[in-house]
Amino acid sequence: MAGEPQADCLFCKIVKGEVPATVVRETETTVAFRDINPQAPVHVLVIPKVHYPDAGSLAAAEPSIAADVLKTAGEVALQENGDKGFRIVFNTGPGAGQTVFHAHAHVLGGRGFNWPPG
C-alpha cells in the first residue's frame, strides 16, 4: 500500500533503524543522512519516513510531507554549508540516475556546480 514501509527498501530500513546511517537531522516526518558515495563535499540525502517511489508520487499523495522534505533539505543545507549556496536534486526513474526507489532529495554543496548539470 502506498506510504507503507516496504520490506525490501533500503531507505525504509534506515527509517526503522535496521540499517545504520550517519543521521544529521531528523524530524517527525523526515530523516537526513550522509550519502555513502558523496558527489560533493556536502552530500546529504533527505527522505520522508513514508514510502513513495519518487518525489512526484510523494507530492501527489502527501504534499505536506513533500514540503517537509524540502524544508528539511534547506535546513540541512544551511547547517552543513552555511550561506555558500547549495543544490537540491530529485532523481526520478532509472534514466535520471535514481537507484533507490524511495523518494529522496540530494542536498549538494561545498563546491561549484555547472549549468546545465550532467
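Rules behind the numbers
Residues numbered from 1 in each chain as written. Predicted model: local features only at pLDDT ≥ 70, side-chain atom pairs only at ≥ 80, totals over all residues. Heavy atoms only, no water. Helix = DSSP H or I, 4+ residues; strand = E, 2+ residues; numbered from the N terminus. Rg over C-alpha atoms; globule rule 2.2 N^0.38 Å. Buried < 20%, exposed > 50% of the residue type's maximum accessible area, 1.4 Å probe, protein only. Contact = heavy atoms within 4.5 Å. Areas by Shrake-Rupley, 256 points an atom, 1.4 Å probe, with all protein chains shown as cover. Lys, Arg positive; Asp, Glu negative; His and termini not counted. Charge placed at Lys NZ, Arg CZ, Asp CG, Glu CD. Expected span 1.5 Å × (residues − 1). Salt bridge = Lys/Arg side-chain N within 4 Å of Asp/Glu carboxyl O. Patch = residues over 30% accessible without salt bridge, like charges linked within 9 Å, V, L, I, M, F, W, Y side chains within 5 Å. Core = buried A, V, L, I, M, F, W, Y, C linked by side-chain atoms within 4.5 Å.

**Structural notes on the overall build of the protein**
Piece 1. Looking only at helices and strands, one finds three helices and five strands in the protein.
Piece 2. Starting at the N terminus and ending at the C terminus, the protein contains elements arranged as α-β-β-β-α-α-β-β.
Piece 3. A compact globule built from 118 residues should have a C-alpha radius of gyration of about 13 Å, and the protein, at 14 Å, falls within 12% of that.
Piece 4. Expressed as lengths along the three principal axes of its C-alpha atoms, the size of the protein is roughly 40 × 30 × 25 Å.
Piece 5. Across the 118 residues of the protein, 38% fall into the buried class.
Piece 6. Excluding contacts between residues fewer than 6 apart, the proportion of contacts in the protein whose partners are at least 24 apart in sequence is 53%.
Piece 7. Total accessible area on the protein is roughly 6,600 Å²; 55% of this is exposed by carbon and sulfur atoms.
Piece 8. Side-chain charges of the protein comprise 9 positive and 12 negative groups, with the mean position of each set lying 8 Å from the other.

**Structural notes on unusual backbone geometry**
One can expect most non-glycine residues to show negative phi and most peptide bonds to be in trans.
Piece 1. Backbone torsion omega between tryptophan 115 and proline 116 reads 0°, so that peptide bond is classified as cis.
Piece 2. Within the fold, proline 116 resides in the segment after strand E5 (105-109).

**Remarks on helix H3 (residues 63-81)**
Piece 1. Here H3 is 19 residues long and its end C-alpha atoms lie 27 Å apart, about the 27 Å a rise of 1.5 Å per residue gives.
Piece 2. Taken from the residues just after H3, glycine 82 is the one with a positive phi, measuring 60°.

**Concerning the pattern of salt bridges**
Piece 1. Counting across every chain of the model gives five salt bridges.
Piece 2. Salt-bridge contacts for glutamate 18 lead to lysine 16; the nearest nitrogen and oxygen are separated by 3.7 Å.
Piece 3. Across the salt bridge formed by glutamate 80 and arginine 34, the nearest N and O atoms sit 2.8 Å from each other. Placement of the pair is glutamate 80 in helix H3 and arginine 34 in strand E2 (residues 30-34), with a sequence separation of 46 residues.

**Overview of a nonpolar patch on the surface**
Piece 1. Taken together, Leu70, Phe86, Ile88 and Phe90 make up a surface patch of nonpolar side chains, about 320 Å² in accessible area.
Piece 2. By secondary structure assignment, the location of leucine 70 is in helix H3.

**With respect to the nonpolar core**
Piece 1. Ala32, Val44, Val46, Leu58, Val76 and Val107 are the most contacted members of the largest nonpolar core, which totals 15 residues.
Piece 2. Among the elements that make up this core, the one with the highest residue count is H3 (six residues).
Piece 3. Setting aside chain neighbours within four positions, we find valine 107 in contact with Val42, His43, Val44, Val46, Ala73, Val76, Ala77 and Arg87.

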